[in-house]
Amino acid sequence: MGQNYALVIDDHPLVASGIASFLNTHCHFRQAYVATDEESCYRHIRDNGPPELVVIDFWLSSCTALKLLKEIKQRYAKVRLLVVSGDENNDIWQKVQNAGGHGFVLKNESPELFSQAVFALMDNCLWFPASNKEIKIKNSVLQKFNLTPRQEEVLHMMMRGLPNKRIASQLAISEPTVKEHISNILKKLGVNSRVEVITLLHGNREPLP
């Protein structure tokens, strides 16, 4: 992985500095740097090595976030990629997902949700909003595979990107119990990892019959 730092790419310096400060203070990064364009992004990477996390504003004036996202993903496959935007158009986060991004957060979301998204990405999970269609798929999954009420609770928290420790804390159960629930969920859904569960329910595969 990278050098325990995050890189924020946003051509609004004040916004970028605020995100970087939040990452440094609340998300356990050793450092968080700010880049305002593609050139300064790659300069930071040359000087400091690949970061663990890159946060990209979707609407960059110098280039499109999708172009930069694809380039970074191709050059540095292990870097986690989170796109942020003030535009609530569903097409945007779907484009980010299709381009290989690992997460998307609206800029008007709460700091708590943003930090959950960051921790989810650093736990090798995906973080994308759920569309109405995907909610229907999720409900059909719950009905088709007969998840228990506790398994449904764990699944919802997995979809929010919470790691096992946080799930255990919120449900007041042990981490081994959480792992057991997740193992049973994986078996019922016919997948091999929690990443596959999230990917499946976000529509990256064919909808379940």
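What counts as what
Residues numbered from 1 in each chain as written. Predicted model: local features only at pLDDT ≥ 70, side-chain atom pairs only at ≥ 80, totals over all residues. Heavy atoms only, no water. Core = buried A, V, L, I, M, F, W, Y, C linked by side-chain atoms within 4.5 Å. Buried < 20%, exposed > 50% of the residue type's maximum accessible area, 1.4 Å probe, protein only. Helix = DSSP H or I, 4+ residues; strand = E, 2+ residues; numbered from the N terminus. Contact = heavy atoms within 4.5 Å. Pairing = 2+ DSSP bridges. Axes fitted to C-alpha atoms, helices over the stretch in contact; angles between N-to-C directions. Expected span 1.5 Å × (residues − 1). pLDDT = per-residue confidence, 0-100.

Participant: What am I meant to see in the nonpolar core here?
Facilitator: Note on soluble globular proteins: their nonpolar side chains tend to be buried together. Core analysis: the biggest nonpolar cluster contains 27 residues, and I9, C41, I56 and I72 have the highest contact counts within it. Taken together, the elements giving at least two residues each to this core come down to β1 (5–9), α2 (38–48), β3 (53–57), α3 (65–75), β4 (80–85), α4 (90–98) and β5 (103–106). The greatest single-element share of this core, amounting to five residues, is contributed by α3. Contacts of I72, omitting those with residues within four sequence positions, involve I9, C41, Y42, V54, I56, A77, V79 and L81. Counting residues in each nonpolar core, the second largest holds 22 residues, with L82, A117, L121 and W127 among its members.

Participant: Would you mind going over the sheet that holds β1 with me for this structure?
Facilitator: One key point about sheets: their strands pair by backbone hydrogen bonds, in either a parallel or an antiparallel sense. As summarised here, the arrangement of the five strands in space is β2-β1-β3-β4-β5, forming an open sheet in which the pairing is parallel. Both outer strands of the open sheet, β2 (31–35) and β5, are each paired with one neighbouring strand and no more. The average angle at which neighbouring strand axes cross in this sheet is 20°, direction not considered. Strand direction decides the pairing type here: β1 and β2, joined by five bridges, are parallel. Bridging from a neighbouring strand, V8 pairs with V34 of β2. Contacting β1 and β2, α2 runs over the sheet at an angle of about 165° to β1. Across the sheet, α3 touches β1, β3 and β4, and the angle it forms with β3 is around 165°.

Participant: Just to check I follow, could you spell out helix α5 (residues 111–122) for this structure?
Facilitator: Helical geometry: 3.6 residues make up each α-helical turn, so side chains three or four residues apart lie on a common side. Spanning 12 residues, α5 covers 17 Å between terminal C-alpha atoms, matching the ideal 16 Å at 1.5 Å per step. The set of residues buried in α5 consists of F114, S115, Q116, A117, V118, F119, A120 and L121. At its buried positions, α5 is contacted by α1 (13–26), β3, β4, β5 and α8 (164–171). Downstream of α5 by a residue or two, N124 has a phi angle that is positive, lying close to 65°.

Participant: I keep staring at the confidence of the model for the protein and nothing clicks. Help me out?
Facilitator: Reading predicted coordinates in detail is not appropriate for stretches of low pLDDT. Scored by pLDDT, the protein comes out at a mean of 82, with 85% of its residues at no less than 70. Note that residues 203–209 has pLDDT below 50 and, in this model, 14 contacts with residues that lie over four places away or in other chains.

Participant: Would you mind going over the pairing of β3 with me for this structure?
Facilitator: The two faces of the sheet receive side chains in turn, since in a regular strand these alternate between them. Counting buried residues along β3, five of its five residues qualify, which places the element largely inside the surrounding structure. Examined bridge by bridge, β1 and β3 share four bridges and lie parallel to one another. Looking at β3, one finds that L7 is bridged to V54. The sheet contact formed by β3 and β4 spans five bridges and is parallel. What sits directly across from I56, in β4, is V83.

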